[in-house]
Structures are given as structure tokens and as C-alpha cells.
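What the coordinates show
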Amino acid sequence: SYTIGEEIYINLTFDKPVVVAGTEVYIELDVGGNVDSRRAIFVPTASSDFELVFRYTVQNEHSTNGETLNYICTGKSCSLIVGASTTIKAFATNPIIEADLTLPPPTSRGISDDDFMPIIIDTSGNPRVVSVSSLTSSGVYTPGDAIN
């Protein structure tokens, strides 16, 4: 699981190359909190023609409530959020065709592509000790013996 301050990178892949004009592109994640804090932010320098990369930084009081990390859909629609001054279009010499920004419906495994490694957000508490052990074999020890 991930906690406060950790970063998660999210890759969004298109079936054809696209060009992004602007930087206001977001994925809204289902982690609670206010709208601005739960957005995964577009990282242009890490993106390519087919793949847009987003960065989400876990904030205080964010949680997936034990579920896997997913994005939020509004009504029946799941879509990228694009600011007024930003466009995503089909890659061309003169890009004029708008890209379809519809995201696939969320799945039970969330945005993780690994069924065995779900992405879970948990900011419920501070780290705590869960185990104490010794490498020294079991036995009877006398004063002056070293126990590791």
C-alpha cells in the first residue's frame, strides 16, 4: 500500500499517436479529499506519442478504503479531464481530429495491471512495529553472552 507523500505514476495508452497542446490534463482518482488533491497530473516530459504519463502524490486523509486504486467516472462517462486551454488531437502535420478521451470502465483490479499487486492507498496512521526477533539461536545464555 501507499501512504502520504508517495508518488504513483499512471500510464494511459492510446491506440494511435496523439499530440497534446497544453498541460492541463488530469485523471481524477477515487481517494477522497478535495478535487484538486485527488488528481493525477499530466507529466509531458515522461509522455510519448502513444502514452500519456500522470503522477499522483498521496495526500493526508486519502484512502481507497481497502479497495484498489481507481479513477472516478461522472454519471455513465469515464473521461480524462482537460482544461480549456489544452487539446489532445490525433498526431498529424496539422492536427485537427480530436482524440476520444473516454476511459474504459473501472475494473475490480483498479488501475493496476497486476492481479497480485493491487495499488491501495492507506494514510490511516503512522508506521508501527509489527515484529521483534533475534538471529541468535534458542538456548540458555549467561551474563556476558551476546544476543543478536
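Residues numbered from 1 in each chain as written. Predicted model: local features only at pLDDT ≥ 70, side-chain atom pairs only at ≥ 80, totals over all residues. Heavy atoms only, no water.

For the rest of this paragraph, the subject is the state of the cysteines. Enumeration over the complete set of coordinates arrives at 1 disulfide. The side chain of cysteine 73 participates in a disulfide bridge whose partner is cysteine 78; the two sulfur atoms lie 1.8 Å from each other. Linking cysteine 73 and cysteine 78, the disulfide has an S-S dihedral of approximately 90° and is accordingly described as right-handed. Take cysteine 73: its relative accessible area is 24%, and that puts it in the partly exposed class. (Disulfide = S-S within 2.5 Å. Buried < 20%, exposed > 50% of the residue type's maximum accessible area, 1.4 Å probe, protein only.)

Before going further, it helps to examine the sheet that holds strand β4 (residues 39–42). With respect to topology, 5 strands assemble into an open sheet ordered β1-β5-β4-β3-β6, the strand pairing being antiparallel. Among the strands making up the open sheet, the edge pair consists of β1 (7–13) and β6 (81–82). Bridge analysis of β4 against strand β5 (residues 51–57) gives 2 bridges, and the strand direction is antiparallel. The partner of phenylalanine 42 across the bridge, within β5, is phenylalanine 54. (Pairing = 2+ DSSP bridges. Helix = DSSP H or I, 4+ residues; strand = E, 2+ residues; numbered from the N terminus.)

Right, let's talk about the nonpolar core for a bit. With 25 residues, the main nonpolar core has Phe14, Ile27, Leu29, Leu52, Phe54, Leu80 and Ile88 as its most contacted residues. Looking at this core, the elements with two or more residues in it are β1, β3 (25–28), β4 and β5. Apart from the residues within four sequence positions on either side, leucine 52 is in contact with Ile10, Asn11, Leu12, Phe14, Val18, Val20, Phe42, Ser47, Leu80 and Ile88. (Core = buried A, V, L, I, M, F, W, Y, C linked by side-chain atoms within 4.5 Å. Contact = heavy atoms within 4.5 Å.)

What follows is about the pattern of salt bridges. Applying the stated criterion across every chain, the model contains 3 salt bridges. We note a salt bridge from glutamate 7 to arginine 55, for which the minimum N-O separation is 3.8 Å. In this pair, glutamate 7 sits in strand β1 while arginine 55 sits in strand β5, placing the two residues 48 residues apart along the sequence. Looking at glutamate 7, the relative accessible area reads 42%, which means it is partly exposed. (Salt bridge = Lys/Arg side-chain N within 4 Å of Asp/Glu carboxyl O.)

The subject of this paragraph is unusual backbone geometry. One non-glycine residue, glutamate 61, lies in the positive phi region at around 70°. Among the structural elements, glutamate 61 can be located in the loop between β5 and β6.

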